[in-house]
Amino acid sequence: MALKVDSIVKKYGEYTAVDSLSFEITKPGVFALLGTNGAGKTTSIRIILGMLSADSGSVSWNGKSFLAAEQPIGYLAEERGLYPKYKIMDQLIYFCSLKGMKKQDAIKALDYWFERLNVTEYRDKRAEQLSKGNQQKIQLIAALAPNPELIILDEPLSGLDPVNAELFKTVIREEIKKNKFIIMSSHQMPTIEEFCSDIVIMNKGKTVINGNLNEIKKGYGRVKLTVKCEGDITSLADECRLNATEITPNGISYNVESEQQAHSLLNKIMEKGIPLIRYELREPTLNEIFIEKVGAENEN
């Protein structure tokens, strides 16, 4: 199975919301669709879902034109999509029926997910009686109960406390083990790094990065250095032509031109006998790459 998004374009008058977006998911797992607010992520997701039509380009599933209404797809939207005055269980049975599930099968699946997400007590409550986090759980149930092959998660951890965020992560891991295809959009970069091997970063409708995250990081090399010592190393860093980019209780961070430059600072620290608490030379994080690429694009 494979999902292929091929050169989709969406315009609103003179404004181009999505400009030739292309990517392909050829194996189960989590794919990240990232970007700033207004980058075109939500428009792209709506085109994939069939909620919007593209001006050009195509979306296919297993080599055939992708029709979301006919495909096993689950969608967790960033915006709340529940009817506030209706009981949760009634709504979910209705949503499952739209996916072609019989009532008996829907109730069985929903009972499992109510218990799995610790919301059984809310099944007969109205949506307006639930907290934002519990509404998020209900929407996740709506997405997963029909057992879809393709799942789209738009800001899945929004509004969740740390305990429930970890619960959501565990559920996502379980879906990965079931060989599901998952598209995740989030501003929480550590979560993306935790789950996603391949990413697209959009900015102003255009693709600025597309590829395997590990390969993208390797392309940068180990250019981020963090050092923490029991003493002042400012003069030593100056000798190595290193300017601090960030100073926190966890250490001083530098951008380095080469590993040799970083090792030179380490040698000077050792020669001076300054107690060293932390020395970390690493590849940039996804958050750092995102800020660099999108920030540079927005400055132009």
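Residues numbered from 1 in each chain as written. Predicted model: local features only at pLDDT ≥ 70, side-chain atom pairs only at ≥ 80, totals over all residues. Heavy atoms only, no water.

Undergrad: So what exactly am I meant to see when it comes to the confidence of the model for the protein chain here?
TA: Low pLDDT marks regions whose predicted coordinates should not be analysed in detail. Confidence in the prediction of the protein chain, expressed as mean pLDDT, is 93, and 98% of residues score 70 or more. Ranking the helices and strands of the protein chain by mean pLDDT puts strand E11 (residues 224-229) first, with 97, and helix H10 (residues 286-299) last, with 80. (pLDDT = per-residue confidence, 0-100. Helix = DSSP H or I, 4+ residues; strand = E, 2+ residues; numbered from the N terminus.)

Undergrad: I would appreciate a short explanation of the sheet that holds strand E4 (residues 56-61) in the present structure.
TA: Remark on secondary structure: sheet strands pair via backbone hydrogen bonds, oriented parallel or antiparallel. Here four strands make up an open sheet; going across it, the order is E2-E1-E4-E5 and the pairing antiparallel. Looking along the sheet, the strands with just one partner apiece sit at the ends: strand E2 (15-25) and strand E5 (64-65). Pairing analysis gives five bridges linking strand E1 (residues 3-12) to E4, with the strands arranged antiparallel. If you follow Lys-4 over to E4, its bridge partner there is Ser-60. (Pairing = 2+ DSSP bridges.)

Undergrad: Whenever I open this one, the pattern of salt bridges confuses me. Can you help?
TA: Pairing of side chains with opposite charge becomes possible as their charged atoms draw close. This structure, assessed with the given rule, holds 17 salt bridges. A salt bridge links Glu-194 to Arg-173, with the shortest nitrogen-to-oxygen separation between them at 2.5 Å. Of this pair, Glu-194 sits in helix H6 (residues 189-195) while Arg-173 sits in helix H5 (residues 162-177), and the two are 21 residues apart along the sequence. The exposure class assigned to Glu-194 is partly exposed, which follows from its relative accessible area of 39%. Salt-bridge contacts for Lys-268 lead to Glu-239; the nearest nitrogen and oxygen are separated by 3.2 Å. (Salt bridge = Lys/Arg side-chain N within 4 Å of Asp/Glu carboxyl O. Buried < 20%, exposed > 50% of the residue type's maximum accessible area, 1.4 Å probe, protein only.)

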